[in-house]
Each structure stands twice: as structure tokens, then as C-alpha cells.
Amino acid sequence: MTVYISLNMRTTISIYKSLLKFLETVDAEAEARGDGPEDESIDHHFRSGVYFGNGVLNLTLSLMPGKLQTVAELFGYKGDRQVALKYLSLPGGWTKDSAEPSISIRGSAIT
């Protein structure tokens, strides 16, 4: 059972890291073309899901107890709390300087 969970966790982390790398690549290409910092052809819900998944994984791994975190790092799992908070704040446009998100709910599918 533990091996099964470990393999699923490795697969999940690998998928989210691949998706994040994809987003970084298409955003870099969009910026090189002069289309802005983000590729507008990427769905906002997809982008926020990738950021959320990476943020939650990093946060979960960073909050593990010390001994368990050491064991997890032996298997290649490493979490960073600051990176997690960055990814979790990206979809809404949250910043340290603002108490409100910079992305309006009016432009989203949420009503």
C-alpha cells in the first residue's frame, strides 16, 4: 500500500512540474514575441489549476515533520513554503502590497 501511494505521489508531482514547465515555456515565448508576460491562448482555469497544484504540493511537503521530511527528501520530494505561497497567490493577483486581489471576479466564469 505504501509503495502504491509513493508511486502515485511521484506521478502527481512529476505531472504538475511538467505542466508548470510548459506554462513557463509558453509565457517566455509570448514575452519574446512581445505579447505580454503571459500567453493569452492558455485558459485561465488551466493556469490557475497548475499554480494551485504546485502550490499545494510544495506547501504540503514543506509542512511535514522534520524526520518525515528527511525521508521524503531521500525519495526526491522537496517542498518550499515561499515558493508554495507564490504559486498560490498568482492566479488571483495577490501581492504583499494589496489587501485585495488584482483580478476582478467580473471577468471570470464565477458569478
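Residues numbered from 1 in each chain as written. Predicted model: local features only at pLDDT ≥ 70, side-chain atom pairs only at ≥ 80, totals over all residues. Heavy atoms only, no water.

Caption draft 1: Representation of the overall build of the protein chain within the structure. Secondary structure assignment for the protein chain yields 4 helices and 0 strands. Secondary structure of the protein chain in N-to-C order comes out as α-α-α-α. Taken over 111 residues, the protein chain has a buried fraction of 23%. Across the protein chain, contacts joining residues at least 24 apart in sequence account for 52% of those joining residues at least 6 apart. Carbon and sulfur atoms make up 62% of the accessible area of the protein chain, which amounts to about 8200 Å² in all. (Helix = DSSP H or I, 4+ residues; strand = E, 2+ residues; numbered from the N terminus. Buried < 20%, exposed > 50% of the residue type's maximum accessible area, 1.4 Å probe, protein only. Contact = heavy atoms within 4.5 Å. Areas by Shrake-Rupley, 256 points an atom, 1.4 Å probe, with all protein chains shown as cover.)

Caption draft 2: Geometry of the packing of aromatic side chains. Taken as a whole and judged by the stated rule, the model has 2 aromatic pairs. Residues Phe-22 and Phe-46 carry aromatic rings whose centres are separated by 6.5 Å and whose planes lie at 75 degrees to one another, so their mutual orientation is edge-to-face. Taken as a pair, Phe-22 in helix 1 (residues 2-33) and Phe-46 in helix 2 (residues 44-62) lie far apart in primary sequence, 24 residues in all. We classify Phe-22 as partly exposed; its relative accessible area is 39%. Judged by relative accessible area, Phe-46 falls into the partly exposed class, the value being 33%. (Phe/Tyr/Trp six-rings, centres within 6.5 Å; stacked < 30°, edge-to-face > 60°.)

Caption draft 3: Looking closely at the pattern of salt bridges. In total, this model carries 4 salt bridges according to the counting rule given. Close ionic contact of Arg-47 with Asp-27 constitutes a salt bridge, the shortest N to O distance being 2.7 Å. One end of the pair, Arg-47, is in helix 2; the other, Asp-27, is in helix 1, and 20 residues separate them in sequence. The buried category is assigned to Asp-27, whose relative accessible area is 10%. Residue Asp-35 is joined to Arg-33 by a salt bridge in which the shortest nitrogen-to-oxygen separation is 2.9 Å. Taken together, the shared-partner salt bridges in this structure form one network comprising Asp-27, Glu-38 and Arg-47. (Salt bridge = Lys/Arg side-chain N within 4 Å of Asp/Glu carboxyl O.)

Caption draft 4: Up close: the nonpolar core. Listed in full, the 7 residues of the largest apolar core are Leu-20, Leu-23, Val-26, Ile-42, Val-50, Tyr-51 and Tyr-87. Elements with a contribution of two residues or more to this core: helix 1 and helix 2. By residue number, the principal contributor to this core is helix 1, which donates 3 residues. Residues in contact with Tyr-51, not counting those within four places in the same chain, are Leu-20, Leu-23, Asp-27, Tyr-87, Leu-90 and Pro-91. Formed by 6 residues, the second largest nonpolar core is a distinct cluster that contains Ile-13, Leu-57, Met-64 and Tyr-77. (Core = buried A, V, L, I, M, F, W, Y, C linked by side-chain atoms within 4.5 Å.)

Caption draft 5: Summary view of the side chain of Ser-62. Here Ser-62 lies in helix 2. Those residues in contact with Ser-62 that lie beyond four places of it in its chain are Gln-69, Gly-79, Asp-80 and Arg-81.

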